[in-house]
Amino acid sequence: QVLVVELGGGLVQTGGSLRLSCEASGNFFSIAIMEWHRQVPGKQRELVASITSGGKIKYADSVKGRFTISRDSAKEHTVYLQMNSLKPEDTGVYYCNAFRLPNDNNWGQGTQVTVSS
């Protein structure tokens, strides 16, 4: 079993920044991808950013150039999401997923991000 904990959400004004952290612990053997998703009420959860164990990074088009996903250099299964130039449409609950091969999703409890206009 993998335990995933997200930290760092909060309230920020438009144009501000926040940094989210996600730590996976427990049986993290075969974690292939660490992902950040967000969910807005009434909408599907969407993938925001991901980083593979090999360092390949992907972003949703809506956050490219503003968000940066990174891995802690000392703790392989701790990742961060640096969010800059935040917009009201970035508001939502941000979830971290530690995807373990072959098909095992491990979600955190989520952290609320609210961007005021």
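Above this text sits the structure in question.
Residues numbered from 1 in each chain as written. Predicted model: local features only at pLDDT ≥ 70, side-chain atom pairs only at ≥ 80, totals over all residues. Heavy atoms only, no water.

This part takes up the environment of Ala24. Checked against the element boundaries, Ala24 lands in strand S3 (residues 18-26). In sequence terms Ala24 and Asn97 are 73 residues apart; their C-alpha atoms lie 8.8 Å from each other. When near neighbours in sequence (up to four residues on either side) are disregarded, Ala24 contacts Val2, Leu3, Val4, Ile31, Met34, His77 and Ala98. (Helix = DSSP H or I, 4+ residues; strand = E, 2+ residues; numbered from the N terminus. Contact = heavy atoms within 4.5 Å.)

Under the definition given, this model contains one disulfide. Each sulfur in the disulfide pair Cys22 and Cys96 lies 2.0 Å from the other. Between Cys22 and Cys96 the disulfide shows an S-S torsion of about -75°. By sign, it is left-handed. Placement of the pair is Cys22 in strand S3 and Cys96 in strand S9 (residues 92-100), with a sequence separation of 74 residues. By relative accessible area, which is 0% here, Cys22 ends up buried. (Disulfide = S-S within 2.5 Å. Buried < 20%, exposed > 50% of the residue type's maximum accessible area, 1.4 Å probe, protein only.)

Residues Leu3, Val5 and Leu7 make up a contiguous nonpolar surface patch of roughly 270 Å² in combined accessible area. Counting through the fold element by element, Leu7 comes out in strand S1 (residues 2-7). We classify Leu7 as exposed; its relative accessible area is 53%. (Patch = residues over 30% accessible without salt bridge, like charges linked within 9 Å, V, L, I, M, F, W, Y side chains within 5 Å. Areas by Shrake-Rupley, 256 points an atom, 1.4 Å probe, with all protein chains shown as cover. Salt bridge = Lys/Arg side-chain N within 4 Å of Asp/Glu carboxyl O.)

Turning to the nonpolar core, a few remarks are in order. Counting 26 residues, the largest nonpolar core has Met34, Trp36, Phe67, Leu81, Met83 and Tyr94 as its most contacted members. Take this core: its biggest share by element is four residues, from S3. Residues contacting Met34, with those up to four places away along its chain left out, are Cys22, Ala24, Ala49, Ser50, Ile51, Ile69, His77, Val79, Cys96, Asn97 and Ala98. (Core = buried A, V, L, I, M, F, W, Y, C linked by side-chain atoms within 4.5 Å.)

Summarising the element assignment, Glu35 is placed in strand S4 (residues 31-39). Of the side chains with opposite charge, Arg45 lies nearest to the buried Glu35, which makes no salt bridge, at 8.6 Å. Looking at Glu35, its side chain comes within polar contact range of the side chain of His37, at 2.8 Å. Apart from residues no more than four positions distant in its own chain, Glu35 is found in contact with Leu47, Ala49, Ser50, Tyr95, Cys96 and Asn97. (Lys, Arg positive; Asp, Glu negative; His and termini not counted. Polar contact = N/O pair within 3.5 Å; in protein donor to acceptor, adjacent residues only side chain to side chain.)

Let us now look at the sheet that holds S9. Adjacent strands of a sheet form backbone hydrogen bonds with each other and so pair up, either parallel or antiparallel. If you walk across this open sheet you meet the six strands as S2-S10-S9-S4-S5-S6, and the pairing is mixed. The sheet is open, and its two edges are formed by strand S2 (10-13) and strand S6 (57-59), each paired on a single side. Along the sheet, successive strands turn relative to each other by an average axial angle of 20°, direction set aside. When strand S5 (residues 46-52) meets S6, the two strands line up antiparallel, connected through three bridges. Directly across from Ile51, in S6, lies its bridge partner Ile57. (Pairing = 2+ DSSP bridges. Axes fitted to C-alpha atoms, helices over the stretch in contact; angles between N-to-C directions.)

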